[in-house]
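Secondary and tertiary structure notes
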Protein chains: 2
Amino acid sequence: MSASYSASWRRGNPRLLLLLLCTIWSTTGLLVQAKVHYHKWDISYKFKSPDCFKKLAVTINGQTPGPTINAQQGDTIVVRVKNSLLTENVAIHWHGIRQIGTPWFDGTEGVTQCPIVAGDTFVYRFVVDRPGTYLYHAHYGMQRSAGLYGLIRVAVPDGVVEPFAYDYDRSIVLNDWWHNSTYEQATGLASIPFVWVGEPQSLLINGRGKFNCSLAGPTAVCNATNPECSPYVLTVVPGKTYRLRIASITSLSALNFEIEGHNMTVVEADGHYVKPFVIKNLNIYSGETYSVLFTADRDPSRNYWLAMNVISRKPGTPTGTAVLNYYPNHPRKSPPTSPPVGPPWDDAAYRFNQSHAIRSHPDYVHPPPLTSDRMIILLNTQNRVDGYTRWSLNNVSFNMPHTPYLIALKENLRHVFDQRPAPETYDYRNYDIHSVPENHNATTGTSIYRLDFNSTVDVILQNANMIEANKSETHPWHLHGHDFWVLGYGSGKFDPEVHPKEYNLVDPIMKNTVPLHYYGWTAIRFRADNPGAWAFHCHIESHFFMGMGIVFEEGVDRVGELPTSIMGCGDSKSLRGP
Amino acid sequence: MSASYSASWRRGNPRLLLLLLCTIWSTTGLLVQAKVHYHKWDISYKFKSPDCFKKLAVTINGQTPGPTINAQQGDTIVVRVKNSLLTENVAIHWHGIRQIGTPWFDGTEGVTQCPIVAGDTFVYRFVVDRPGTYLYHAHYGMQRSAGLYGLIRVAVPDGVVEPFAYDYDRSIVLNDWWHNSTYEQATGLASIPFVWVGEPQSLLINGRGKFNCSLAGPTAVCNATNPECSPYVLTVVPGKTYRLRIASITSLSALNFEIEGHNMTVVEADGHYVKPFVIKNLNIYSGETYSVLFTADRDPSRNYWLAMNVISRKPGTPTGTAVLNYYPNHPRKSPPTSPPVGPPWDDAAYRFNQSHAIRSHPDYVHPPPLTSDRMIILLNTQNRVDGYTRWSLNNVSFNMPHTPYLIALKENLRHVFDQRPAPETYDYRNYDIHSVPENHNATTGTSIYRLDFNSTVDVILQNANMIEANKSETHPWHLHGHDFWVLGYGSGKFDPEVHPKEYNLVDPIMKNTVPLHYYGWTAIRFRADNPGAWAFHCHIESHFFMGMGIVFEEGVDRVGELPTSIMGCGDSKSLRGP
């Protein structure tokens with residue numbers, strides 16, 4: 001939507017207008033014509049220097065981040081993916097897109113599809129049914145960390161207005177970046193003894209960061225003047241208001257983002273309108289997206305920093321920066337200040353508070369079911385299983401089976417995964433979340449949670465101490481195929497007798513990704529109304545790789561005939577038709 | 001076969017004995033019981049330090065080189081390969097094994113099978129029908145360079161003696177090694193501008209080399225005292241005679257191998273008995289195997305070097321060494337001398353001469369057909385095609401189709417590759433092999449050479465100048481599915497009117513890999529008697545990747561039903577049965 005178009009509707013009553021438009025749309029189909037957007041993507045390795053240090057990246061059409069997908073609500077996206085990696089497979093997840101009616105195109109290797117084998121072409125086709133800001137990224141092994149990611153921006157239909165106004169719409173995607181390859185990272189994680197890659201070398205804004213080349217080895221190619229690592233510049237016209245769509249695709253880092261000297265009004269989270277609130281610093285966890293508004297209302301004679309800093313882990317990575325350029329200053333004119341260093345990284349209360357502040361816009365509340373049919377409590381612990389360092393839920397560390405769940409469920413291949421139900425809860429009366437896990441019976445497993453179709457499910461994420469004493473980490477949990485209501489966050493141990501009474505059932509925000517804070521709990525609710533098999537996992541790439549995820553099944557008997565293109569691995573080899 | 005056993009037959013008439021044994025075997029089957037050898041291999045990445053520098057390697061059961069396969073002639077080898085690479089596929093070629101009756105288990109991705117997808121298990125099953133020394137290695141992308149290789153040793157049947165005697169049988173496999181990953185190497189080769197990885201950092205003997213850690217960068221892990229890179233030690237008993245099986249699996253380097261101070265008698269090449277000749281230095285090209293005999297007849301109070309040096313390219317890699325340890329000296333006692341530096345790297349005449357010297361053992365001559373039905377002349381040039389640097393044969397640079405040839409041919413999928421015949425010759429009257437290729441019409445292509453079944457085919461490999469002026473490289477050409485007679489080598493341009501008259505039709509050695517020297521030609525002859533589709537290519541990993549190969553088809557109508565396990569990629573997806 002163009003800014004001027006949006007502005008012209010600014011003074012109308014948005015709710016009334018929306019109602020009117022929807023009525024016209026649904027009854028006549030005249031006003032809005034859903035479009036089909038065709039994209040051809042070629043996935044290949046290229047040498048890239050996003051932070052001036054040259055390394056191999058997995059690119060889309062030679063680029064990382066990949067191209068932004070722009071569409072309007074109701075449009076269909078068709079992406080023809082040619083895997084031109086030499087020996088490596090790929091799968092692409094459309095993060096935040098619910099895939100209603102197309103659960104096979106969720107792009108989650110091992111859950112909804114076989115990988116796209118090197119040399120093969122695969123066509124994703126899905127509807128973007130809600131406006132908002134979303135992501136896409138590789139969902140196979142730890143391939144996301146190698147650079148395959150990008151944004152999806154879904155506009156409201158023509159004529160529909162949003163509950164806020166702005167002049168220009170811009171977006172940025174935040175990432176963290178290592179110089180080691182994903183293979184090295186993954187091999188270390190799966191080694192005895194465990195080998196940790198260390199903190200990321202750089203933070204990237206729209207694929208650009210700045211590594212200190214003097215720290216690179218003699219054989220490294222690191223060139224501080226490479227245009228690929230010149231900082232991203234966001235040019236603004238003084239006095240204008242900007243919608244900034246901010247997405248984090250980090251593999252590890254929780255981030256705090258700020259626009260030096262400027263307030264931000266949060267208006268969207270994961271595709272849902274937020275009851276606006278003003279902040280100077282935005283905490284954003286991997287897999288989350290936000291829209292904020294800011295006005296270029298500061299001294300226009302200088303430029304400012306866009307800055308992000310690591311939070312919730314002791315930072316080992318310099319501040320990531322871009323330039324907020326007040327027109328007509330030169331875009332390369334450096335701000336006269338030092339980049340902001342962000343809040344204290346270990347201020348958990350600050351992060352809890354911001355999480356609490358994110359509520360649904362009062363005019364766009366989706367009322368949650370007031371009760372749920374089932375409560376699953378997931379204790380998040382770090383464990384050792386057979387000598388390997390793993391993450392577990394209720395003492396089970398998730399192992400992906402070789403045949404995707406969706407295929408196994410739909411085709412009734414019962415031997416593919418453990419048919420016993422995954423554990424519903426843990427011994428919350430006696431477990432001490434502040435102690436190092438004792439871990440006597442932690443195992444790996446392939447069990448899943450089978451949900452009654454259309455039932456209402458609560459999931460309580462319970463954080464705890466890691467293997468190392470006095471340490472708990474933040475985990476951003478992402479649910480595929482659904483948005484969920486965020487009913488509450490708390491410190492300490494969740495008590496099923498007490499805390500449900502404190503749930504926000506009035507104006508909970510709906511999201512697809514939510515943080516689980518240190519030693520805390522997060523309660524979400526969703527309707528199991530999307531037939532398919534859906535991953536729910538920590539969005540930290542290494543944590544999911546180490547077992548921090550589960551899978552839900554619901555209404556798989558209602559899933560239509562699976563496309564054979566998703567088949568071809570494990571026991572689905574023989575199912576692959578012509 | 002144990003040395004003492006062999007020794008007891010030493011004085012017999014080997015030919016007579018062999019005839020007798022074969023007769024008994026073929027008529028009664030009583031004397032020799034073919035065995036089946038089962039192997040379970042798990043392919044995974046591991047951090048390895050073969051030259052003290054730690055990097056990721058593709059390993060078999062955690063090892064590189066992989067386990068040696070030992071068998072007797074006529075035995076069946078069954079290898080159950082579990083691909084435990086996270087996101088990467090694999091295929092394993094049994095180099096030198098003709099796969100008579102099992103062309104689908106040649107392990108050549110794109111020619112005889114689809115890759116084994118990450119997570120999958122594939123079972124190779126084939127007969128080793130000739131005694132001798134062979135190799136196995138990855139045959140997919142440039143994966144071989146990542147460490148997946150090993151030896152196959154096939155002994156003569158019990159009671160059969162070979163035309164030479166020795167006390168002990170030992171083997172070594174030679175390799176070159178880079179610190180860059182194969183992905184980095186391959187991406188550079190396929191980039192515009194072309195990026196060359198540079199000369200290998202190390203030469204490895206039985207997977208052990210020694211990089212100078214002081215040259216490693218600050219972030220590298222390089223530990224000169226790591227036992228993984230302690231030199232290989234070959235302990236010998238003074239006065240005893242050793243058979244040393246020497247195989248080269250280098251990705252790039254032609255090597256010159258020597259045992260300091262000791263003569264070697266060459267007795268086997270690529271599984272064929274050689275008319276023995278004595279040398280101090282053995283030239284060995286990638287894909288070749290030799291057996292040499294040497295006697296520990298030098299001053300026993302010291303140890304000696306086993307050494308290899310790069311030849312035919314300007315060396316940028318230090319001498320590779322191992323220790324010849326005279327018992328009872330301490331195996332770690334360093335030889336008092338400096339490691340041999342080998343012959344001048346650019347002495348082409350020396351290499352031509354040694355190639356000429358390799359003749360069939362007079363008692364084991366397989367007489368070649370005296371005439372051929374077809375002569376294919378292949379001009380080897382380096383070209384630019386669409387801006388990419390490529391290697392071409394008769395101006396066509398080979399591109400592997402996504403559906404393997406064997407499947408396409410057998411199932412008559414004609415659209416999979418260009419059905420027009422590949423070019424049979426070049427303009428040898430006018431082409432100047434000493435000039436930089438003009439390359440006006442070089443292209444990439446998927447055409448193949450279809451051979452009349454049971455016909456006799458001559459292939460003339462013609463070397464020429466590269467893109468760089470005054471430069472020609474050595475190319476070791478390897479033929480799958482066959483041994484060929486080596487009819488001759490020459491300098492300069494092959495003349496079909498003249499040079500065939502100079503062919504050695506008396507005692508040509510049979511081989512599966514043969515060098516093509518600088519600005520020279522090599523003539524080979526083979527019988528197209530093995531139904532299947534067979535690659536014939538330069539065994540330099542980067543050269544084949546850049547198009548230096550062709551494919552022969554013969555008697556594909558006689559190929560039995562293909563196992564569905566080789567299918568699943570490209571247009572063979574729908575053919576994959578249960």
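Residue indices begin from 1 for each chain and proceed along its sequence in written order. Chains carry letters from A onward and ligands carry numbers from 1 onward, assigned in written order. For a predicted model such as this one, the threshold for reporting local features is a pLDDT of at least 70, and the threshold for listing and counting side-chain atom pairs is 80 or more; totals across whole chains, interfaces and linings nevertheless cover every residue. Only hydrogens and water are set aside when side-chain values are computed; all heavy atoms of the structure are taken into account.

The name given to chain A in an unreviewed UniProt entry is L-ascorbate oxidase, and the organism recorded there is Musa acuminata subsp. malaccensis. UniProt positions are given in the numbering used here, feature names are shortened, and annotations may be inferred rather than shown by experiment. The record in UniProt for chain A states the following under Cofactor (unreviewed entry): "Cu cation". If you open the UniProt record of chain A and go to Subunit (unreviewed entry), you find "Dimer."

For the pair chain A and chain B, the superposition axis carries a translation of 0.0 Å, the fit reaches an RMSD of 0.0 Å, and the rotation angle comes to 180°. The relationship between the two copies is best expressed as a two-fold rotation axis. The contact criterion used throughout is that any non-hydrogen atoms of two residues lie within 4.5 Å. Here 100% of the interface residues in chain A have copies in chain B that are interface residues too; the copies meet face to matching face. Here the copies are superposed with least squares, the fitted atoms being C-alpha atoms of residues at a pLDDT of at least 70 in both.

Turning our eyes to something else, we now look at the pairing of strand β15 (residues 272-279) of chain B. Residues and elements named next belong to chain B. Of the strand pairs in this sheet, strand β14 (residues 264-269) and β15 are connected by 5 bridges, and their pairing is antiparallel. Looking across to β15, one finds that Met 264 is bridged to Ile 279. Linking two consecutive strands that pair antiparallel, namely β14 and β15, is a turn of 2 residues; a positive phi of about 50° is found at Asp 270 within it. Note on pairing: DSSP must find at least two bridges between two strands before they are called paired. Numbering of helices and strands runs from the N terminus; a helix is a DSSP stretch of H or I covering at least four residues, while a strand is a stretch of E covering at least two.

The next subject is the UniProt feature "domain: Plastocyanin-like" (unreviewed entry) in chain A. Residue and element names in this part refer to chain A. UniProt's feature table lists "domain: Plastocyanin-like" (unreviewed entry) at residues 46-155, 171-328 and 430-555, given in the numbering used throughout. Segment residues 46-155 splits into 0% helix and 42% strand. End C-alpha atoms: 32 Å apart. End C-alpha atoms of residues 430-555 are separated by 35 Å, and the span's content is 4% helix alongside 42% strand.

Residue and element names in this part refer to chain A. Salt bridge, as applied in this entry: a Lys or Arg side-chain nitrogen positioned within 4 Å of an Asp or Glu carboxyl oxygen. Applying the stated criterion to the full structure yields 38 salt bridges over all chains. Between Arg 313 and Glu 199 there is a salt bridge, and its shortest N-O distance comes to 2.7 Å. In this pair, Arg 313 sits in the loop between β18 (304-311) and β19 (320-326) while Glu 199 sits in the loop between α3 (182-189) and β10 (202-205), placing the two residues 114 residues apart along the sequence. By relative accessible area, Arg 313 is classed as buried at 15%. For Glu 424, the salt bridge goes to Arg 374, with nearest N and O atoms at 2.6 Å. Of the two residues, Glu 424 sits in the loop between α5 (405-410) and β23 (443-445) while Arg 374 sits in strand β20 (residues 374-385), which places them 50 residues apart along the sequence. Only protein chains enter the area calculation, which uses a 1.4 Å probe; residues under 20% of their type maximum are buried, those over 50% are exposed, and those in between are partly exposed. A residue is classified by how much of its surface remains accessible, and Glu 424, at 26% relative accessible area, is partly exposed. Shared partners join several salt bridges into a network, and the residues in it are Arg 153, Asp 169 and Arg 245.

This next bit is on the state of the cysteines. Residue and element names in this part refer to chain B. Note on disulfides: each one is a pair of cysteine sulfur atoms within 2.5 Å. A complete count under the given rule lists 6 disulfides over all chains for this structure. The disulfide partner of Cys 114 is Cys 569, and the gap between their sulfur atoms is 2.0 Å. Here Cys 114 and Cys 569 share a disulfide; its torsion about the S-S bond, -80°, makes the bridge left-handed. Within this pair, whereas Cys 114 is found in the loop between β5 (92-95) and β6 (121-127), its partner Cys 569 is found in the segment after β32 (549-554), the two being separated by 455 residues in sequence. Cys 114 sits in the buried class, given a relative accessible area of 2%. You can call Cys 569 buried: its relative accessible area is 2%. The residue that forms a disulfide with Cys 213 is Cys 222, at a sulfur-sulfur distance of 2.1 Å.

Taken residue by residue, the interface counts 31 residues in chain A and 31 residues in chain B. Of the roughly 2,900 Å² buried between chain A and chain B on both sides combined, carbon and sulfur atoms contribute 66%. Put simply, chain A and chain B have 2 salt bridges between them. Between B:Asp120 and A:Lys573 there is a salt bridge, and its shortest N-O distance comes to 3.0 Å. Under the rule applied, a polar contact is a pair of N or O atoms within 3.5 Å (in protein, one hydrogen donor and one hydrogen acceptor; residues adjacent in sequence only if both atoms are side-chain atoms). The interface formed by chain A and chain B contains 13 residue pairs in polar contact (both at pLDDT 80 or more). Taken together, the elements giving at least two residues each to the side of chain A that touches chain B come down to β1 (36-48) and α3 of chain A. A per-element tally of the side of chain A that touches chain B places α3(A) first, with 5 residues. Here the side of chain A that touches chain B is built from residues that sort into 14 nonpolar, 11 polar and 6 charged. Buried area: the sum, over both parts, of the accessible surface (1.4 Å probe) that disappears when the two are put together. The nonpolar class holds Ala, Val, Leu, Ile, Met, Phe, Trp, Tyr, Cys and Pro. Asp, Glu, Lys and Arg form the charged class, and all remaining residues, Gly among them, are polar.

So, on to helix α4 (residues 348-357) of chain B. Residues and elements named next belong to chain B. Along α4, the residues classified as buried are Ala 348, Arg 351, Phe 352, Gln 354 and Ser 355. The arc that holds every buried residue of α4, seen down its axis, measures 165°, which confines them to one face. In this structure, the buried side of α4 is in contact with β15, β16 (281-284), β18 (304-311), β27 (484-491), β29 (513-516) and β30 (520-527). You can read the cap of α4 off the contacts: a side-chain oxygen lies 3.4 Å from the backbone nitrogen of Ala 349, and it is on Asp 347. Here the arc refers to the directions that run from the helix axis out to each C-beta atom.

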